Structure formats: C-alpha cells, structure tokens
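Descriptive structure summary
Single-letter residue listing:
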Amino acid sequence: MSCWITAHAIERDVGRIATDDPALWREIRRFNLPVKLALAAAQRVRGSLVRPSHTRLVALAPCRPGSPELRAISRDADAGLARGACSQLRVNPIFTLHAIDNLALSALAIRLENREPATCFGGAAGQAFVALEHAMDELAPPGDTGAVEAASDVLIVGGDQGEAALRGEPSDAEASGVAIVLSTRPHRVRLVAIERTPIGDAGRDAGEPPAPHAVRGIARWLDALAGAPAGTHRYRVPARDGDGIDQLEIVAEVA
Amino acid sequence: MTCVVITGMGAASPFGLTADALWEGLVAGRSAVRTIAQLAAGGLPVTTGGEVPLETAEHERDRALSRSAIREALGQAGLTAEGTGLVWANGLDTFAHSGGALVERSAGACFLAIARDHTQPRRMIATACASATQAIGTAFHLIRAGRARACVAGGTTVMLTPHYAIGFAWLQALATDRADEAPGAACKPFDRMRRGFALAEGGAALVLESLDAAARRGAVPLAEVIGFGASQDAFDLNRPPPDGTGAELSMRRALADARITPDRIAAVSAHGTGTRAGDPAEVAALRRVLGERTCPVTSIKGAVGHQMAGAGASQAVAAVQSCRTGLVPPTCNLVDPDDDCVLDHVMSRARAADVPAVLVNSFGMGGQNATVIYARVP
C-alpha cells in the first residue's frame, strides 16, 4: 500500500481568515469555531487536490461541539422547561447546526461540489488516527479491499475548541483546525503503517489519560515530521493524544 | 471475495428491548410514538416521541441503551466483545440531569466507554442520520477487505430531549402537535398530510463476520450483507436536492458494490422521515433507480419515530427479518400517498413477498447518504 502526504495545513488564528480571505470568511462566519478553523485549513490545501470534486473527504467531529450562542440557548431552554414555558423560546436554526458533528463535512462538500463517498468520525479521543487508517484503506488498490474503485486523493479535516471558546472568550489556546491531503502520488513523506499495542488495565491506570480532541494529536505528529531527517520516522503517539486503550505508533518514510 | 454475514442482532426501540419486540411491533403496524411527559411539561410545541421502555438514570441512559442492544446481538451470535470490533454511532452530545445539575453528555465519551471492551477496529461514525447505516457499511467493508474478523455495528442515540425537540422544531423538521390527532399518528411518511418526524431514541446492533468464520464456529447466518454505497448531496446544510440526486448516487453505488442490478432488489426500507422536502426527493431517486418495476417500499419511522444516528440499524434489523420471513412491514400512518410520493408503498398491513434482497436507505442532515443491501442467505 502506497500513501503519501502531499499537503497539510494547521490553522490556529480565526481572526486571520477574515483579513486574508474575506470571501471564505463570508461563507463560514456563521459556523462555530472548530468548523471555521477546519474549513480555513482545508482552503489552504485545496490547491494540492487534483480534482477537488472527486477527492474522498474524511472529517473529524469536534470533541467539544457547540458554541457560546448554543450554550446560551441551552440555558434559556432549561430555564423555560423549569417554568413550563418553552413555547416562547426563539432559536436561530444556524445555532442548532452548531451541535451537528458533521457540519464541517457538509459545508466542505458544498464548497468543493463533492458528491463522493465520505465519512465523519465522531468526537471520541483517538479517532484522528482512525481517520488516517481509513484514508490508507481508501487509497489501497481495489484488489486489496474488494472495492469497486479506489480513491487517488483523501482530504482529512477537523477542528477543535476548548472551554475558553465555549465561554465566548476571544482567544482559545486549544482551538485549531487541521487539513491533510493523502494521495497515491509520491511525495516527501510516505505513510507506512499505524501500529497499535493494547495498553492493558495496568498501563491505563499508570499512564496519562487521553485529552479528547479531534486534531491536536495529528498537528503534533505533523510538527514532528516537519523536521525529520530522511529515513524511517517512528512517532510514538503521546498518551494524551491516544484513545486510552491502545498505544499507537505511526511509521512513515521520509525522502 | 469474502462473503459477510450477520449472525446476531439486538435492538432498543420504543417497542421494547429486543430485536423481536421491534419486528413484532413493525409487522403489527402499530405506532410506539406517544406523548413524552418531559416535553409536555416543558410547554413545547412538540410533545410526541419514541421512548425506549428502559428504566435507568438519565445520565447513564446513553451507555445503557447501547449496551443493551450490543449485549443482545453478541449473545445471539455467540461472541463476546473481546475479539470483536466496534463500528458504532452514538449521535450528538446532549444534556442530562445528574444530582440536580444539568451536565453535558459527550457522545465521544459514551463511545469510548463501550469501545473499551472491544478489540480493533473501534470506529465512531458521525454522519448524522446516516450514521448507523454508514457504520454497518463500514464494518462490512472492513471484514470483506480482511481488515477485521468480526464487528458489532450500528448505533443508538438519546436525542429525545427538550433541547433537541426545540432545535429540530425550529429547523421545521418535527411534526408539531395537533389537537385532533392521536400522538401515535404524528409521523406520516410519504402521506399527503405529512408534516415532519417524531424524535425517538434507541437503535440497534448487528454482529457481522465472514461466512467462513461463522461456519467454523457453527454460528447460524441470519442474512448476508452484499453492498454498501455512500454519497453527499453537496447542496444545502439542512435539506436535500428536490430531485434526490445524492440519494440516487448512494443507491447506485451500493448496487455496484454488490455487483447486482436493481431488479434483484425485492423491497426497500426507505429513509422516509415524513418531512415535506425529504420524502419526495427520496421517491424521485427511487423511481430512477428502480425504473418501471414495482417494488414494496416501507418506512419504520411512522411506527418508532426517527432514532436519528441509530435509525439505520433498526431498519437493518427489519430488513434482515424481511429476508428471513418474507414479510415486509407496513409504513405506519401512511393512508393517502402524496402525488409526488407515489411508489408501491406497503400500507395498512404487512405484505408477504419473496424477499431475496432489501435495500436500506439512510440520509443525514447536511447531505451524507448511505445505502446498505441485505440479502437472504443462499
């Protein structure tokens, strides 16, 4: 199986989007922060896609969905429920969408006019590395999988936010969006394997617990790859970025 | 190519806590949708829903519903979680009351709590209302490709809450109350008088494994999974294209994946939620895929409501039972099909038919579509 990373982008500054790409900002400003960041990261790698409308899209749902607006609505709803007076509550439908975990995928498909098979992995710790495994399967020759046809490009996107963003604070150190393009076309880094070893109950109790997030773990891996010398690169996924069940190691070949 | 079969099923539905209870309720043409006390007390414009009869603390309900369905499925298959993968949908994060306080319930945390008992693969699928069908299709592909030996697949949700009732009501997706109508009649898929769906909780679990592995264990295959297709509408964030092009693509890809032509399909379990926009779009797509031939079409949502991310797994249970029994359950509350929803609908009572294969559709809000084809064991 041959699968190369052909492009990636990490977006941490939502303010930059409005300044640098007003057209994109007009499209995404109504979304919640993880979705804004995911779509901005995707925009930065779009040029590396051979046919954006035919790329297989894989999204990672935020582990902390929602928005300050949705939280406010939830508080109002709870107060209304206690009074038996929810019929008076008015909800802007866009804020309901902030709860939807596949929102980034849907918005990206519309932007790219992409009707290809796609998936979104849920907001559980460690699903980012499941997305990499899924991408490798999507790019495998059909004879290996029984599929009718294989993909030639896979775009993985996702975004995170932390408690600060959900409180409506202007900066959130946990907020980021990541986009990564994997392809059958040779490039500098070849993704070889994702190896898993069960941690076991004893290891789980002794180790650092995972900190659920969609993409920060992938961002750390990409940072590690950026400075890697030529040769085999083995990246032991830190416990905080895993799923708390398996120890993961990502094997890549750097040209 | 590896043949993938289903060897166990479990369900947690408004009809009860077994796959048999779901099937019997569907075949009887009854509705399990009723007035939900919590919604009525809150003064909401929507007070009906499909509630699973499971007594449990509110903050433990997500795990309890999933575990109930999974336990039943594994028991029937004669397997345990250890040695079996999990491809599962838990729906969206929600709220629950615990110790008098409103607490956030993370769907991801619920998934991990369940997944911990399973071996690889452990995949959480989040494509809205297409999730469970996509989960089953994903497990099918993983086993067919030799990436997994056996998987539990499906999903359950606990989204029958006031918060989602308010949110989906404002998206104009829910059937609001009518004084002249029984609660069980709220959701009317494909009917001229349809006005949206009834929220429901629960879902179902299926055990998938290779036919060879099942044969070695002496397990009895209930049905075969033969095809999976998926697509995206790329059209709008909360409504499908009127011509159903995305749905059509999903079905055609499932047929291609199964290496069969549409004439092999003997029944369709439609997504059929009873919304004004969704039903005619699916009908338009089905007409193009099926052509001139008639094929019984049914929707479970009039009977149990819309279980959201778990719905496709409940449809799968019904599809497998149709293959086994030759019965197609009726679409509950469908009395007068709308002009733009005309198909060979199963109405009023279950229909006996030769059912070698059933096509199951699930379409997610945002435009993710998934189709899985189930077939009678040869």
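Residues numbered from 1 in each chain as written. Chains lettered and ligands numbered in written order. Predicted model: local features only at pLDDT ≥ 70, side-chain atom pairs only at ≥ 80, totals over all residues. Heavy atoms only, no water.

1. A look at unusual backbone geometry
Residue and element names in this part refer to chain B. Filter applied, for reference: Per the convention used, a helix needs a DSSP run of H or I reaching at least four residues, while a strand needs a run of E reaching at least two, with both numbered from the N terminus. Burial classes follow relative accessibility: with a 1.4 Å probe on protein chains only, a residue under 20% of its type's maximum area counts as buried, one over 50% as exposed, and anything between as partly exposed.
Note the cis peptide between glutamine 120 and proline 121, where omega equals -5 degrees. Secondary-structure assignment places proline 121 in the loop between helix H4 (107–115) and strand E7 (122–124). You will see that alanine 128, though not glycine, has its phi angle at about 55 degrees, which is positive. Residue position: alanine 128 is located in the loop between E7 and helix H5 (131–144). Of the residues examined, alanine 128 reaches a relative accessible area of 14% and is grouped as buried. Its identity as a non-glycine residue notwithstanding, serine 348 has a phi of 70 degrees, on the positive side.

2. Considerations on the packing of aromatic side chains
Definition in use: Each Phe, Tyr or Trp ring, with Trp reduced to its six-membered ring, pairs with another whose centre is within 6.5 Å; inter-plane angles below 30 degrees give stacked pairs, above 60 give edge-to-face pairs, and intermediate values give tilted ones.
Scanning the model with the defined rule gives 2 aromatic pairs over all chains in all. A network of ring pairs unites the aromatic residues B:Tyr164, B:Phe168 and B:Phe197 as a single cluster.

3. Brief notes about the sheet that holds strand E4 (residues 153–160) of chain A
All names here are of chain A. Our working rule: Strands were regarded as paired on the criterion that DSSP finds at least two bridges between them. Geometry is summarised by axes, namely lines fitted to C-alpha atoms with helices restricted to the contacting stretch, and by angles between N-to-C directions that run from 0 to 180 degrees. Any two residues having at least one pair of non-hydrogen atoms within 4.5 Å are treated as being in contact.
An order of E3-E2-E4-E5-E1-E6-E8-E7 is seen for the 8 strands of this open sheet, with the pairing classed as mixed. In this open sheet, the two edge strands, each paired with only one partner strand, are strand E3 (119–121) and strand E7 (231–236). Pairwise comparison of adjacent strand axes, ignoring direction, gives a mean angle of 25 degrees for this sheet. In the sheet, strand E2 (residues 56–60) pairs with E4 via 5 bridges, with the strands oriented parallel. Along E4, the bridge assignment pairs alanine 59 with valine 157. Packed onto the sheet, helix H7 (residues 127–139) meets E2, E3, E4, strand E5 (176–183), strand E6 (189–198) and strand E8 (246–254) and runs at close to 125 degrees relative to E6.

4. Quick word on the pairing of E6(A)
Residues and elements named next belong to chain A. Taken together, the 2 bridges between strand E1 (residues 4–11) and E6 define a ladder with antiparallel strand orientation. Counted as the bridge partner of isoleucine 5 is valine 189 from E6. The sheet contact formed by E6 and E8 spans 9 bridges and is antiparallel. Considered in E8, the bridge of alanine 193 is made with valine 251.

5. Examining helix H3 (residues 61–77) of chain B
Residues and elements named next belong to chain B. Here is the rule: Under the convention used throughout, the expected extent of a helix is 1.5 Å for every residue step, that is, one less than its residue count.
In this model H3 runs 24 Å from its N-terminal to its C-terminal C-alpha over 17 residues, within 8% of the 24 Å that 1.5 Å per residue would give. When H3 is considered as a whole, its buried residues turn out to be Arg61, Asp62, Leu65, Ser66, Ser68, Ala69, Ile70, Ala73, Leu74 and Ala77. Glycine 78 sits one or two residues past H3 and shows a positive phi near 75 degrees.

6. Considering the side chain of A:Ser67
What counts is decided by this rule: Within 3.5 Å is the distance limit for a polar contact, defined as a pair of N or O atoms, with the added protein rule that one can donate a hydrogen and the other accept it, and that residues adjacent in sequence qualify only through two side-chain atoms.
By the element assignment, A:Ser67 lies in the loop between E2 and helix H4 (68–83). A polar contact is formed between the side chain of A:Ser67 and the backbone nitrogen of A:Leu70, at a distance of 3.1 Å.

7. A closer look at the pattern of salt bridges
Heads up, the condition is: Any Lys or Arg side-chain nitrogen located within 4 Å of an Asp or Glu carboxyl oxygen qualifies as a salt bridge.
Within the structure shown, the criterion is met by 42 salt bridges over all chains. Of the charged contacts, one joins A:Asp243 and B:Arg122 as a salt bridge, the two residues approaching to 3.8 Å between their closest N and O atoms. Of this pair, A:Asp243 sits in the loop between E7 and E8 while B:Arg122 is found in strand E7, placing the two residues in two different chains. Per residue, the accessibility class of A:Asp243 equals that of B:Arg122, and both read buried. Residue B:Glu51 is joined to B:Arg34 by a salt bridge in which the shortest nitrogen-to-oxygen separation is 2.5 Å. Placement of the pair is B:Glu51 in the loop between strand E3 (48–49) and H3 and B:Arg34 in strand E2 (residues 34–35), with a sequence separation of 17 residues. Residue class for B:Glu51 comes out partly exposed when judged on its relative accessible area of 28%.

8. Considering the interface of chain A and chain B
This is how it is decided: By definition, the buried area sums, over both parts, the 1.4 Å-probe accessible area that each loses when the two are put together. For this classification, Asp, Glu, Lys and Arg are treated as charged, while Ala, Val, Leu, Ile, Met, Phe, Trp, Tyr, Cys and Pro are nonpolar and the rest, including Gly, are polar.
Taken together, the 63 residues of chain A in the interface contact 55 residues of chain B. The largest per-residue losses of area from chain A upon contact with chain B belong to A:Leu81, A:Arg115 and A:Ile245, which jointly make up 13% of the total buried on that side. Where chain A touches chain B, the interface holds 5 salt bridges. In this assembly, chain A and chain B are joined by 25 residue pairs in polar contact (both at pLDDT 80 or more). At the level of elements, H4, helix H5 (93–97), helix H6 (103–112), E3, H7 and helix H8 (142–145) of chain A are the ones that each hand at least two residues to the side of chain A that touches chain B. Of the residues contributing to the side of chain A that touches chain B, the split by class is 32 nonpolar, 16 polar and 15 charged.

9. Quick word on the domain arrangement of chain A
All names here are of chain A. Rules: Boundaries of every domain are those given by an automatic assignment or by a domain database.
Once the domains are mapped, chain A shows domain 1 (4–65 + 101–254) and domain 2 (70–100). Taking the mean C-alpha position of each, domain 1 and domain 2 sit 31 Å from one another. For the pair domain 1 and domain 2, the summed buried area comes to about 720 Å², and 53% of that belongs to carbon and sulfur atoms. Seen at the junction of domain 1 and domain 2, the total is 1 salt bridge. The salt bridge involving arginine 71 is made with glutamate 163; its shortest N-O contact spans 2.7 Å. A per-class count over the side of domain 1 that touches domain 2 returns 4 nonpolar, 2 polar and 4 charged.

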